[in-house]
Structures are given as C-alpha cells and as structure tokens.
Amino acid sequence: MILSPTFWPSSIAVVAYVLATLWPARSEGAGTVNRAVRGALLIGWLAQGVAIALDVLSLDSPLPGARFGFAPALSVTAWLVLAVYAIESRRLGLPGLRRSLALLALGTVVLAWRFPGQAYVSAGSAWAPLHWLTGFASYGLIGAALLHAALLQHAERRLRAGTGTASGQIPPGARPKGQALGMPLLRLESLTLRFVGAGFAMLSLTLLLGATFAPWRWDHKTVFSVLSWWVFATLLVGRARFGWRGRQAIRWLVAGSTLLLLAYVGSRFVLEVILHRPVVA
C-alpha cells in the first residue's frame with residue numbers, strides 16, 4: 001500500500017488538533033497548560049501547512065501543475081484563520097473559541113486528505129497562480145473577519161451579562177466581563193471591518209485577474225463570486241456612508257461570506273463529489 005505524501009503531516013495535524021480540542025477547560029488558567037495548548041496548535045498548524053503545500057503540488061499525480069478542490073480550499077481558509085487567531089490569542093484568550101477553531105481545522109484536514117481535488121495542467125497565463133493565490137487569500141481574510149465578528153458578539157454578550165444592561169453602559173465601579181477579552185469592543189469592530197476591506201480587495205483582484213487572463217464564463221462560481229463582491233461592497237459603503245455596525249453589519253458579512261463559500265467551495269463540491277465531473281480552475 002502506497003501512502004499519499006500528505007498522510008504523515010495530515011496525521012500529525014489531526015493528533016495535535018485533537019489534543020488542543022480535548023484539553024480540559026478547567027485547567028485553562030494555568031500557564032503551563034496554555035503553553036501546552038498553544039504548542040499543540042502550533043504543531044498542528046505547521047503540519048497542516050506542510051500537508052497543504054504537498055497537496056497543492058500534487059506530488060502523487062501524473063499530471064503536471066497544481067491541484068485544487070473544495071476541501072483544500074477549506075483547509076487553506078482554516079489554516080489562515082488559525083494564523084490570525086494565534087497572533088491575537090494572547091489578547092483574546094477564549095478557550096471555547098480555541099476548541100472550535102481546532103475542531104474546524106481538524107475537520108478540514110480530514111476532508112482535504114479524503115478529497116484532495118484534481119490536478120490541473122498549468123494554465124496558459126503566467127498570472128493564473130496569482131489568481132488562485134488571491135482567491136485563497138480572500139477566503140482567509142473573510143474567514144478572519146467572521147472570526148472577529150464572532151468575538152465581537154461574544155464580547156457584547158459578556159458585557160451585557162456583566163452589567164445587566166442591554167445598552168452596554170457600564171455602571172460606576174462595575175467590572176465588565178467583556179474586558180476579559182483584552183480588547184475593547186470598538187477595536188474588535190474596527191478589526192472586523194478591516195479584514196472585510198482586505199478580503200474585498202483580494203476578491204476584487206481575483207475577479208480582475210480572472211476576467212483579464214482567463215476566459216470569462218458565467219458559471220456558478222463566477223455568479224456567486226460577483227454576488228459576494230456586491231454584498232461586501234454594499235457593506236463597506238453602508239459602513240462608511242451610513243455608519244452600519246453591530247448586527248446589521250454582521251448580517252451583511254454573513255450573507256457575503258455564504259455567497260463566497262458557494263462560489264468556489266460549493267460549486268467544486270457539487271462537481272467533484274456529487275457529479276464526479278472534471279473541472280477547470
């Protein structure tokens with residue numbers, strides 16, 4: 001039996017993410033435990049990165065060129081979101097979120113190992129790899145925006161639970177539980193919109209490269225990508241012009257993210273898994 005080149009790094013990532021997921025929550029406050037959990041996440045993240053690289057290089061395929069698919073796209077997205085979480089984890093410090101992200105990354109690693117995608121012969125344009133990279137970057141940045149939106153909602157719930165007010169006003173002498181996040185709500189909201197803006201820029205560049213250096217086809221991927229672009233554009237304009245924030249902004253973010261997910265991941269899932277049809281990048 002010949003093992004896939006991604007078998008061992010994927011296995012290491014799975015074990016590391018399982019450890020990070022199952023670590024007892026009651027011990028979360030101990031510094032040694034925090035270091036152990038961060039170490040497990042780091043090992044899983046590095047191993048997942050190696051698996052992604054080997055998978056995209058399609059070393060076990062006789063066809064030249066890169067390999068893409070719905071599962072590798074999800075794996076790259078989770079990998080990038082974990083990187084953002086790792087950078088901010090010292091300030092955020094949410095064990096429940098750590099478990100959710102580790103479980104998400106674990107699921108994407110297993111999916112990518114089970115459904116590695118198809119190898120694509122190198123496209124005619126030298127800009128094609130950049131088109132793919134900007135597309136994956138847009139997924140990761142929008143995923144990071146969703147992460148911060150979830151943190152924002154979590155912080156608001158804790159703040160209201162700690163103050164007993166729905167308005168978010170802090171009575172004198174009260175210590176809002178939202179401060180346990182180590183980041184003010186306005187800062188979280190600002191970061192959320194910054195990630196949306198960066199993801200929107202990458203998505204715009206992806207569409208521009210696709211329209212310029214590849215035949216433009218009004219397929220499901222293109223339609224959902226353009227629709228998600230319009231939703232994110234509306235969100236950013238609404239934020240700048242009308243001051244959209246809170247739940248209203250998050251609803252637009254979720255709508256645009258859903259459309260973006262359907263654009264590549266959804267269409268590739270249908271073609272690869274349900275219809276078993278060859279696809280082009």
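Trainee: I'd love a proper account of the overall build of the protein, names of residues and values included.
Mentor: Of regular secondary structure, the protein possesses eight helices and two strands. Ordered by position from N to C terminus, the α and β elements of the protein give α-α-β-α-α-β-α-α-α-α. Intrachain contacts of the protein at a sequence separation of at least 6 include 79% that bridge at least 24 residues. Counting only carbon and sulfur atoms, one obtains 70% of the accessible surface of the protein, whose full area is about 14,600 Å².

Trainee: Which residues make up the nonpolar core, and what values go with them?
Mentor: Of all hydrophobic cores here, the largest spans 53 residues; its most connected members are Y17, L41, L101, L147, F232, L235 and L253. For this core, the elements supplying multiple residues, two or more each, are α1 (7–22), α2 (31–57), α3 (70–92), α4 (95–114), α5 (128–163), α6 (185–213), α7 (220–242) and α8 (246–274). A per-element tally of this core places α5 first, with 12 residues. If we skip the residues at most four places from it in the chain, Y17 touches L41, G44, W45, Q48, L82, A102, A105, L106 and V109.

Trainee: Any details on the confidence of the model for the protein? Residues and values, ideally.
Mentor: On average, residues of the protein score 81 in pLDDT, and 78% of them are at 70 or above. Here strand β2 (residues 118–119) stands out as the element of the protein with the lowest mean pLDDT, 73, in contrast to α7, whose mean of 95 is the highest. A low-confidence stretch, residues 164–181 stays under pLDDT 50, and its non-local contacts, those more than four residues away or across chains, total 26 contacts.

Trainee: How would you explain the side chain of S10 if you had to name every residue and give the values?
Mentor: Mapped onto the elements, S10 comes out in helix α1. Setting aside anything within four residues of it in sequence, one finds S10 in contact with A51, V109 and W113.

Trainee: How would you sum up the packing of aromatic side chains? Please name residues and give values.
Mentor: For the structure on display, the rule yields 10 aromatic pairs. An angle of 55° between the planes, with centres 6.3 Å apart, marks the rings of F7 and W113 as tilted. Highlighted residues: F7 in helix α1 and W113 in helix α4, separated in sequence by 106 residues. What makes F7 partly exposed here is its relative accessible area of 23%. A relative accessible area of 43% means that W113 is categorised as partly exposed.

Trainee: Explain the packing of α7 against α8 residue by residue, including any values.
Mentor: Running from amino to carboxyl end, α7 crosses α8 at an angle of 165°, the nearest separation of the two axes being 8 Å. Here α7 is positioned roughly antiparallel relative to α8, judged by the angle of their axes. Taken as a pair, α7 and α8 cross one another with a handedness that is left-handed.

Trainee: Give me the lowdown on a nonpolar patch on the surface, citing residues and values where you can.
Mentor: A cluster of nonpolar side chains, W216, W218, V223 and L227, forms an exposed patch at the surface whose accessible area comes to about 420 Å². Mapped onto the secondary structure, W216 falls in the loop between α6 and α7.

Trainee: Run through the packing of α6 against α7, naming residues and quoting values.
Mentor: The interhelical angle for the contact between α6 and α7, taken along N-to-C directions, is 140°, at an axis separation of 10 Å. Classified by the angle their axes make, α6 and α7 are oblique. α7 is crossed by α6, and the crossing has left-handed handedness. From α6, E189, L193, V196, G197, F200, L203, S204 and L207 reach across to α7, where they touch S225, S228, W229, F232, A233, L235, L236 and R239. A breakdown of the residues in the contact of α6 with α7 according to their chemical character gives 10 nonpolar, four polar and two charged.

Trainee: So, the pattern of salt bridges: which residues are in play, and what are the values?
Mentor: In the structure shown here, the tally under the stated rule is three salt bridges. Measuring nitrogen to oxygen at the nearest pair gives 3.7 Å for the salt bridge that ties R239 to E189. Pair noted here: R239 is in helix α7 and E189 is in helix α6, with a separation of 50 residues, a long-range link. Here R239 falls in the partly exposed class, since its relative accessible area comes to 28%. Look at E189 and you get buried, because its relative accessible area is 7%. In this structure, R217 and D219 form a salt bridge, with 3.8 Å as the shortest nitrogen-oxygen distance. Exposure remark for D219: the relative accessible area of 24% places this residue in the partly exposed category. In the salt-bridge network here, residues are joined through shared partners; they are E189, R239 and R245.

Trainee: Got a sec to walk through the side chain of S75? Specific residues and values, please.
Mentor: Mapped onto the elements, S75 comes out in helix α3. By relative accessible area, which is 2% here, S75 ends up buried.

Cut-off values and rules
- Residues numbered from 1 in each chain as written.
- Predicted model: local features only at pLDDT ≥ 70, side-chain atom pairs only at ≥ 80, totals over all residues.
- Heavy atoms only, no water.
- Helix = DSSP H or I, 4+ residues; strand = E, 2+ residues; numbered from the N terminus.
- Contact = heavy atoms within 4.5 Å.
- Areas by Shrake-Rupley, 256 points an atom, 1.4 Å probe, with all protein chains shown as cover.
- Core = buried A, V, L, I, M, F, W, Y, C linked by side-chain atoms within 4.5 Å.
- Buried < 20%, exposed > 50% of the residue type's maximum accessible area, 1.4 Å probe, protein only.
- pLDDT = per-residue confidence, 0-100.
- Phe/Tyr/Trp six-rings, centres within 6.5 Å; stacked < 30°, edge-to-face > 60°.
- Axes fitted to C-alpha atoms, helices over the stretch in contact; angles between N-to-C directions.
- Parallel < 35°, antiparallel > 145°, perpendicular 65-115°, else oblique.
- Left-handed = near helix turned anticlockwise from the far one by under 90°.
- Patch = residues over 30% accessible without salt bridge, like charges linked within 9 Å, V, L, I, M, F, W, Y side chains within 5 Å.
- Salt bridge = Lys/Arg side-chain N within 4 Å of Asp/Glu carboxyl O.
- Nonpolar A, V, L, I, M, F, W, Y, C, P; charged D, E, K, R; others polar.

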